[in-house]
Amino acid sequence: MPHEPSGRLPQPAVGRLSLYFRELHRLNDGGTSHTSSRELGQLVDVSPAVVRRDLSAMGTIGRRGVGYEVVKLIDAIGQLLGSGVQWRVVLVGVGSLGDALLRYRGFERLGFRLTDAFDSDPAKWGRQVGGVLVSDASVMAGRLMETRPELAILAVPADQAPQVAAVLVGAGVSGILNFAPTMLKLPGTTAVVNVDLASELQRLAFSVQNSAR
Ligand SMILES: NC(=O)c1ccc[n+]([C@@H]2O[C@H](COP(=O)([O-])OP(=O)(O)OC[C@H]3O[C@@H](n4cnc5c(N)ncnc54)[C@H](O)[C@@H]3O)[C@@H](O)[C@H]2O)c1
């Protein structure tokens with residue numbers, strides 16, 4: 001489970017910390033040991049003052065003339081965002097999107113381990129996708145009681161999403177990353193993040209259209 005202070009951070013700050021985290025990994029992979037609020041700010045397109053404020057809110061202060069130690073910052077942000085621990089993640093719906101997500105190798109390093117995958121299509125049962133076994137969705141509830149994933153990725157058609165989400169919640173899943181273009185009505189204790197790619201494209205088109213005028 002994530003460390004307690006993350007609950008007190010405003011969502012925009014959590015979003016920025018996640019971006020710093022990504023860029024810090026990139027710097028670390030490239031052999032950079034220290035960074036500055038100016039460099040991090042440039043990488044995620046915010047001002048150095050915002051970077052300093054976000055990092056000091058989590059108790060990390062850069063040293064004048066030296067900056068921030070990349071590895072320590074990765075560790076501190078990882079702990080705060082819950083990536084310092086392993087999360088078990090189940091994926092439901094192994095279609096075009098689910099298949100690509102199962103094959104994506106970037107989740108593991110952030111502490112997200114895809115443990116199970118389920119689909120209602122018998123043609124997919126028994127397949128290994130990205131090293132994860134795809135099973136019959138009708139046995140999902142029972143299986144999840146054993147593997148106890150904390151998080152779920154929902155990649156089923158929109159009309160199927162509410163009932164699949166209800167089964168996930170019933171099996172004790174605490175958070176759902178929902179790719180289906182529909183709003184899920186779930187108990188308040190279940191966290192939901194909706195990723196609606198089409199509406200993001202619409203927002204982008206709107207920005208382009210309005211900045212062109
Ligand atoms: N593919 C994309 O780029 C993309 C982009 C944006 C949003 N989405 C959304 O993500 C979701 C998945 O999209 P897709 O393109 O992978 O669709 P898809 O039709 O290729 O795959 C959906 C999968 O879900 C399975 N499924 C259906 N009902 C199920 C159930 N009750 N339980 C378990 N599995 C079930 C199907 O058998 C299928 O394998 C959709 O809601 C779609 O609108 C997809």
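Residues numbered from 1 in each chain as written. Predicted model: local features only at pLDDT ≥ 70, side-chain atom pairs only at ≥ 80, totals over all residues.

Colleague: Teacher, can you tell me more about the overall build of the protein here?
Modeller: Within the protein, the regular secondary structure consists of eight helices and nine strands. Taking the principal axes of the C-alpha coordinates as reference, the protein spans close to 60 × 50 × 35 Å. Buried residues in the protein amount to 26% of all 213 residues. A separation of at least 24 residues holds for 58% of the contacts in the protein among residues at least 6 apart in sequence. (Helix = DSSP H or I, 4+ residues; strand = E, 2+ residues; numbered from the N terminus. Buried ≥ 20, exposed ≤ 12 C-beta atoms within 10 Å, placed from the backbone. Contact = placed C-beta atoms within 7 Å.)

Colleague: Would you explain the site of the ligand in this entry?
Modeller: Around the ligand sit 23 residues, and of these G93, G95, L97, D121 and A180 come closest. Counting only elements with at least two residues in the shell around the ligand, the list comes to α5 (96-103), β4 (112-119) and α8 (197-212). For the shell around the ligand, the per-class residue count stands at 15 nonpolar, six polar and two charged. (Near = placed C-beta within 6 Å. Nonpolar A, V, L, I, M, F, W, Y, C, P; charged D, E, K, R; others polar.)

Colleague: Would you mind showing me how to read the UniProt feature "DNA-binding region" (unreviewed entry) in the protein here?
Modeller: The UniProt feature table records "DNA-binding region" (unreviewed entry) at residues 19-58. As annotated, residues 19-58 has a helix share of 72% and a strand share of 5%, and its two end C-alpha atoms lie 15 Å apart. (UniProt positions renumbered as here; feature names shortened; annotations may be inferred.)

Colleague: Would you explain the UniProt feature "binding site: NAD(+)" (unreviewed entry) in the protein in this entry?
Modeller: The UniProt feature table records "binding site: NAD(+)" (unreviewed entry) at G93, V94, G95, S96, L97 and G98. Those residues in contact with L97 that lie beyond four places of it in its chain are A155 and F179. With respect to the helices, strands and loops of the structure, G98 is situated in helix α5. A residue is classified by how many C-beta atoms lie within 10 Å of it, and G98, with 23 of them, is buried. Beyond its immediate stretch of four places on either side in the chain, G98 contacts L91, G93 and A155.

Colleague: Would you mind showing me how to read the packing of helix α1 (residues 11-29) against helix α4 (residues 70-81) here?
Modeller: Packed helices, taken two at a time, are described by their axes: the angle between them and the distance between them. As a packed pair, α1 and α4 sit with axes 9 Å apart at the nearest point and diverge in direction by 145°. The crossing of α1 and α4 is left-handed. Along the contact surface, α1 presents L17, S18, Y20, F21, L24, H25, L27 and N28, while α4 presents V70, V71, L73, I74, I77, G78, L80 and L81. (Axes fitted to C-alpha atoms, helices over the stretch in contact; angles between N-to-C directions. Left-handed = near helix turned anticlockwise from the far one by under 90°.)

Colleague: Where do I start with the pairing of strand β8 (residues 175-178) in this structure?
Modeller: Successive residues of a regular strand alternate their side chains across the two faces of the sheet. Every second residue of β8 is oriented toward a common face, the buried set being I176 and N178 and the non-buried set G175 and L177. Bridge count for strand β7 (residues 151-154) against β8 is four bridges, and the pairing is parallel. Following the sheet pairing, A152 is matched in β8 by I176. Read as a crossover between parallel neighbours, the route from β7 over helix α7 (residues 161-170) to β8 is right-handed. (Pairing = 2+ DSSP bridges. Right-handed = clockwise from strand over helix to strand, strands pointing away.)

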